[in-house]
Amino acid sequence: MDKPFVYANLAMTLDGKIAGRDRADFSLGSKADRLEMDRLRACADAVVWGGETLRTARHPARVREESLVSERVERGLPPHPANAVITKSGDFPKNLPWFESDEIERFIFTGREGESRLQEAQAGRARIVVLDEADSLPEQVLAYFSEQGMKRVLLEGGGSLVWEFARHIDEFHVTLTPWLAGGASAPTLMDGPGFPSGEFLGLTLVEVRREGDELFLRYKAKTV
């Protein structure tokens with residue numbers, strides 16, 4: 001079964017941060033960036049977040065532009081892509097609005113540590129998928145999506161999630177915003193342990209678009 005096409009979309013400051021040192025919910029992008037997010041979501045079968053992104057955003061990832069919603073429905077798709085979160089702890093407040101929408105299919109990928117907590121707190125509100133922690137997390141998640149017939153998977157962060165999937169991402173969409181955040185502990189577009197010098201992930205720039213003070217960049221992963 002073929003791997004889904006995986007693409008990532010994140011907005012970052014000029015110094016590479018996707019949030020401030022307090023990691024509070026704050027929109028870096030303009031109206032143009034939000035429309036770009038809607039466009040990319042409208043093309044997805046599933047939108048994937050890390051646990052910390054869900055705890056910060058609280059609400060589901062939906063397509064807000066009505067014309068794009070209509071286009072999805074005309075193509076025989078649900079109004080909004082499925083929402084998925086990957087979490088080790090499974091520790092979420094019970095009252096998160098993410099769990100309340102009846103029109104969005106929800107998946108939670110977790111390990112044995114989070115399974116019992118999730119089964120008790122979120123039973124019936126999301127499909128819980130338990131991963132084998134001895135195997136590759138991205139490969140298991142993408143194989144599951146493939147089994148569900150999902151062909152396009154969008155990653156929206158945070159930086160730790162992008163790190164986990166780095167070598168499985170086919171395309172990166174990056175909005176470069178006119179901000180400077182600073183802070184050694186502020187999250188970046190890709191966190192994690194990082195690659196050693198000489199083993200960086202190579203990308204090819206395929207599109208640049210300017211709107212106001214923002215640059216919209218699209219990179220494809222280089223094939224080895």
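Quick caveat: nothing in here was measured; it's all calculated off a predicted structure. (Residues numbered from 1 in each chain as written. Predicted model: local features only at pLDDT ≥ 70, side-chain atom pairs only at ≥ 80, totals over all residues. Heavy atoms only, no water.)

Colleague: I tried to follow the overall build of the chain on my own but got confused; where do I start?
Modeller: Along the backbone of the chain there are six helices and nine strands. Taking 224 residues into account, the globule formula puts the C-alpha radius of gyration at 17 Å, and the chain, at 17 Å, falls close to it. With respect to the principal axes defined by its C-alpha atoms, the chain has extents near 45 × 45 × 40 Å. When each of the 224 residues of the chain is scored for burial, the buried share is 44%. Partitioning the intrachain contacts of the chain with sequence separation of at least 6 by distance along the chain shows that 68% fall at a separation of at least 24. (Helix = DSSP H or I, 4+ residues; strand = E, 2+ residues; numbered from the N terminus. Rg over C-alpha atoms; globule rule 2.2 N^0.38 Å. Buried < 20%, exposed > 50% of the residue type's maximum accessible area, 1.4 Å probe, protein only. Contact = heavy atoms within 4.5 Å.)

Colleague: Is there a simple way to think about the packing of aromatic side chains in this case?
Modeller: Evaluation of the coordinates by the stated rule reveals eight aromatic pairs. Consider the rings of Phe5 and Tyr7, whose centres lie 5.8 Å apart with planes at 35 degrees: the pair is tilted. Assessed through its relative accessible area of 25%, Phe5 is described here as partly exposed. Judged by centre distance (5.9 Å) and plane angle (75 degrees), the rings of Phe107 and Tyr144 are edge-to-face. Here Phe107 is found in strand β4 (residues 106-110), whereas its partner Tyr144 is found in helix α5 (residues 137-147), with 37 residues between them in sequence. You can call Phe107 buried: its relative accessible area is 1%. Ring pairs connect the aromatic residues Phe107, Phe109, Tyr144 and Phe145, which therefore count as one cluster. The lysine or arginine in question, Arg152, covers the ring of Tyr7, its NZ or CZ lying 4.7 Å from the ring centre. One Lys or Arg, Arg209, reaches over the ring of Phe216 and ends 4.5 Å from the middle of that ring. (Phe/Tyr/Trp six-rings, centres within 6.5 Å; stacked < 30°, edge-to-face > 60°. Lys NZ or Arg CZ within 6 Å of the ring centre and 35° of its normal.)

Colleague: Would you explain helix α3 (residues 66-74) in this entry?
Modeller: Each full turn of the α-helix corresponds to 3.6 residues, which orients residues three or four apart in the same direction. Those residues of α3 that sit buried are Leu68, Val69 and Arg72. The buried residues of α3 occupy one face: seen down the axis, they fall within an arc of 105 degrees. Facing away from the buried side of α3 by over 90 degrees, the exposed positions are Glu66 and Glu74. Considering only its buried residues, α3 is in contact with α1 (31-42). Residue Gly76 follows α3 closely and has a positive phi angle near 80 degrees. (Arc of directions from axis to C-beta.)

Colleague: Can you help me understand the nonpolar core in this one?
Modeller: The nonpolar side chains of a soluble globular protein tend to be buried, and buried together. Among the nonpolar cores identified, the biggest contains 30 residues, and Val48, Phe107, Phe109, Phe145, Leu155, Phe165 and Ile169 are the most heavily contacted of them. For this core, the secondary-structure elements that each account for two or more residues are β1 (5-12), β2 (46-50), β3 (82-86), β4, α5, β6 (152-155), α6 (159-165) and β7 (171-176). Once residues lying within four places of it in the same chain are set aside, the contact partners of Phe107 are Ala82, Asn83, Ala84, Val85, Trp98, Arg127, Tyr144, Phe145 and Met150. Core analysis: the next-biggest nonpolar cluster, separate from the first, contains 17 residues, Leu40, Val47, Phe92 and Trp98 among them. (Core = buried A, V, L, I, M, F, W, Y, C linked by side-chain atoms within 4.5 Å.)

Colleague: Explanation requested: the pairing of β1 in the structure shown.
Modeller: Two faces make up the sheet, and in a regular strand the side chains alternate between them. For β1, a buried count of seven out of eight residues is recorded, marking the element as mostly surrounded by other parts of the structure. Across four bridges, β1 lies against β6 in parallel orientation. Bridge pairing in β6 places Phe5 opposite Arg152. Here six bridges tie β1 to β7, and the two strands are oriented parallel to one another. Following the sheet pairing, Met12 is matched in β7 by Leu176. (Pairing = 2+ DSSP bridges.)

Colleague: Looking at this structure, how should I read the sheet that holds β4?
Modeller: Strand-to-strand pairing in sheets goes through backbone hydrogen bonds, with the strands running parallel or antiparallel. Overall, mixed pairing links the nine strands, which are arranged β5-β4-β3-β2-β6-β1-β7-β9-β8 in an open sheet. The open sheet is flanked by β5 (127-130) and β8 (203-211), the only strands paired with a single partner. Adjacent strand axes in the sheet meet at a mean angle of 20 degrees, parallel and antiparallel pairs treated alike. Across three bridges, β2 lies against β6 in parallel orientation. Bridging across to β6, Val47 finds its partner in Leu154. (Axes fitted to C-alpha atoms, helices over the stretch in contact; angles between N-to-C directions.)

Colleague: I'm lost on the pairing of β8 in this one. Help?
Modeller: Across eight bridges, β8 lies against strand β9 (residues 214-221) in antiparallel orientation. Bridge assignment links Glu211 to a residue of β9, and that residue is Glu214. Remark: two residues form the turn of the hairpin made by β8 and β9, two consecutive strands paired antiparallel; Gly212 in that turn has positive phi of roughly 60 degrees.

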